[in-house]
Amino acid sequence: GDLRGGWVAEFVRAGEGFAPPRYFLREGRVVGVGGGGVKITGEPGEGFREYERWINSLREPDAIAAARFIESPMVHPSVVMRREVVEAVGGYRDVGWAEDYDLWLRMLERGCRFAKVGEVLLEWRDGAERLTRSDERYSQENFLRAKAHFLGRMEAVRGRGVAIAGAGPIGKRLGGYLRDEGARVELFYDVHPRRIGERIGGVPVRDSEELAGPGGAILLGAVGIRGERETVRSVAVGAGYVEGVDFFCVA
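Being a predicted model, the structure only gives us computed values, none of them experimental.

> With reference to specific residues and values, describe the environment of Glu50.
Counting through the fold element by element, Glu50 comes out in helix H2 (residues 46–57). For Glu50, a relative accessible area of 26% puts it in the partly exposed group.

Next comes the structure, spelled out in structure tokens:
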């Protein structure tokens, strides 16, 4: 079944106060999952500060959907959800990676619309005891497995295969996990001369300047550093790819 709905760009304010996410969920059933901004407290490192900036920049449904393979686009304690949307995908499950991220990806896969208001609704305390830091399900490797699993289920990926822009550690591991999911890895692209001409799992690495335009394999920008991600995004968009349609960033 399809979980898509309409989208109202401006959220309603009630009286002098800000109307919480449940308000715009109720009005016209415009989104299935709503949330707000977060502020990380405690002593977070620069990585978590960067995540805070990134996650707070994602507000509209299309932006959230397009960015879903970079990181978890919603902070669980800040979220309200329609019951029927949760039930439609079978609720939470234990599959070896983060159960909230798994739920988001299954909802987004079915067309559910996510949105956020701009105001900070949650102060999120970082600490060594958090599951994000202590539970193997939240490891970078298991997040990458989750991303490959859901990418491998996409109809366009099954039909057209993927090309991976980034032949470094993330791109190599992503390619392996995608093959485990039955996806075809057609090509790798990279900007570093020492990588061009290599073969990864039998797949050639080509110069990023040879990037083919849209219409063939789905392009995945597999780099972890934000500056490099922006470079890959710029090259892809310049070649005619549309992020969230035939191009996704993966980290």
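> A description of the nonpolar core should follow, citing residues and the corresponding values.
Met107, Phe114, Leu174, Leu178, Leu219 and Leu220 are the most contacted members of the largest nonpolar core, which totals 71 residues. When residues no more than four places from it in sequence are discounted, the contact partners of Leu219 are Ala163, Ala165, Tyr189, Leu211, Ala236, Tyr241, Asp246, Phe247 and Phe248.

> Give a description of the pattern of salt bridges that names residues and reports values.
As enumerated under the stated definition, the model contains 12 salt bridges in all. A salt bridge links Arg53 to Glu50, with the nearest nitrogen and oxygen atoms 3.0 Å apart. Placement of the pair is Arg53 and Glu50 together in helix H2, with a separation of three residues, close to one helical turn. Residue Asp62 is joined to Arg113 by a salt bridge in which the shortest nitrogen-to-oxygen separation is 2.9 Å. Residue Asp62 is located in helix H3 (residues 61–66), and its partner Arg113 is located in the loop between helix H5 (99–109) and strand E3 (114–126); the two are separated by 51 residues in the primary sequence. By sharing partners, the salt bridges in this structure join Arg93, Asp102 and Arg106 into a single network.

> Quick one: what's the story with the sheet that holds strand E8 (residues 218–222), residue by residue and with numbers?
With respect to topology, six strands assemble into an open sheet ordered E6-E7-E5-E4-E8-E9, the strand pairing being mixed. Sheet topology places strand E6 (199–200) and strand E9 (247–250) at the edges, where each strand pairs with a single neighbour. Where strand E4 (residues 162–165) lies against E8, four bridges are found, and the strand directions are parallel. Looking at E8, one finds that Val162 is bridged to Ile218.

> Lay out the pairing of strand E1 (residues 33–42) in plain terms, naming residues and giving numbers.
A large share of E1 lies buried, amounting to seven of its 10 residues. The pairing of E1 with E3 spans nine bridges and is classified as parallel. Directly across from Val38, in E3, lies its bridge partner Leu122.

> Please set out H5 residue by residue, giving values where relevant.
The element H5 is extensively covered by neighbouring structure, given that nine of its 11 residues are classed as buried. Those residues of H5 that sit buried are Asp100, Tyr101, Asp102, Leu103, Trp104, Leu105, Arg106, Met107 and Leu108. Of the surrounding secondary structure, the elements contacted by the buried residues of H5 are E1, H3, strand E2 (80–81), helix H4 (83–88), E3 and helix H7 (140–152). The first or second residue beyond H5 is Gly111, which carries a positive phi of 95 degrees.

> Tell me about the pairing of E4, and name the residues and values.
Residues Val162 and Ile164 line one face of E4 and the alternating positions Ala163 and Ala165 line the opposite face, and both faces are buried. Judged from the four bridges that link them, E4 and strand E5 (residues 185–190) form a sheet pairing that is parallel. Note on E5: the bridge partner recorded for Ala165 is Tyr189. As for the winding sense of the linkage, the β-α-β connection from E4 through helix H9 (residues 169–180) to E5 is right-handed.

> Just give me the short version of the sheet that holds E2, but keep the residues and values in it.
Taken in spatial order, the three strands line up as E2-E1-E3 in an open sheet, and their pairing is mixed. Of all the strands in the sheet, the pair left with one neighbour each is E2 and E3.

> How would you summarise the packing of H5 against H7 if you had to cite specific residues and measurements?
Remark: H5 packs on H7, axes separated minimally by 11 Å, with the N-to-C direction vectors making an angle of 15 degrees. In this view, H5 runs roughly parallel relative to H7, as classed from their interaxial angle. Crossing geometry of H5 relative to H7 is assigned as right-handed. Of the residues in H7, those touching H5 at Tyr101, Asp102, Leu105, Arg106 and Glu109 are Phe143, Ala146, Lys147 and Phe150. Split by residue class, the contact of H5 with H7 holds five nonpolar, no polar and four charged.

> Account for helix H10 (residues 226–238), naming residues and giving values.
In this model H10 runs 18 Å from its N-terminal to its C-terminal C-alpha over 13 residues, within 8% of the 18 Å that 1.5 Å per residue would give. Among the residues of H10, those classed as buried are Arg229, Val232, Arg233 and Ala236. Projected down its long axis, H10 shows its buried positions confined to an angular sector of 100 degrees, all on one face. Away from its buried face by more than 90 degrees, H10 exposes Ser234 and Gly238. Immediately downstream of H10, the backbone of Gly240 shows phi near 105 degrees, a positive value.

Definitions and cut-offs
- Residues numbered from 1 in each chain as written.
- Predicted model: local features only at pLDDT ≥ 70, side-chain atom pairs only at ≥ 80, totals over all residues.
- Heavy atoms only, no water.
- Helix = DSSP H or I, 4+ residues; strand = E, 2+ residues; numbered from the N terminus.
- Buried < 20%, exposed > 50% of the residue type's maximum accessible area, 1.4 Å probe, protein only.
- Core = buried A, V, L, I, M, F, W, Y, C linked by side-chain atoms within 4.5 Å.
- Contact = heavy atoms within 4.5 Å.
- Salt bridge = Lys/Arg side-chain N within 4 Å of Asp/Glu carboxyl O.
- Pairing = 2+ DSSP bridges.
- Right-handed = clockwise from strand over helix to strand, strands pointing away.
- Axes fitted to C-alpha atoms, helices over the stretch in contact; angles between N-to-C directions.
- Parallel < 35°, antiparallel > 145°, perpendicular 65-115°, else oblique.
- Left-handed = near helix turned anticlockwise from the far one by under 90°.
- Nonpolar A, V, L, I, M, F, W, Y, C, P; charged D, E, K, R; others polar.
- Expected span 1.5 Å × (residues − 1).
- Arc of directions from axis to C-beta.

Note that all results are geometric; they support no functional claim without further evidence.
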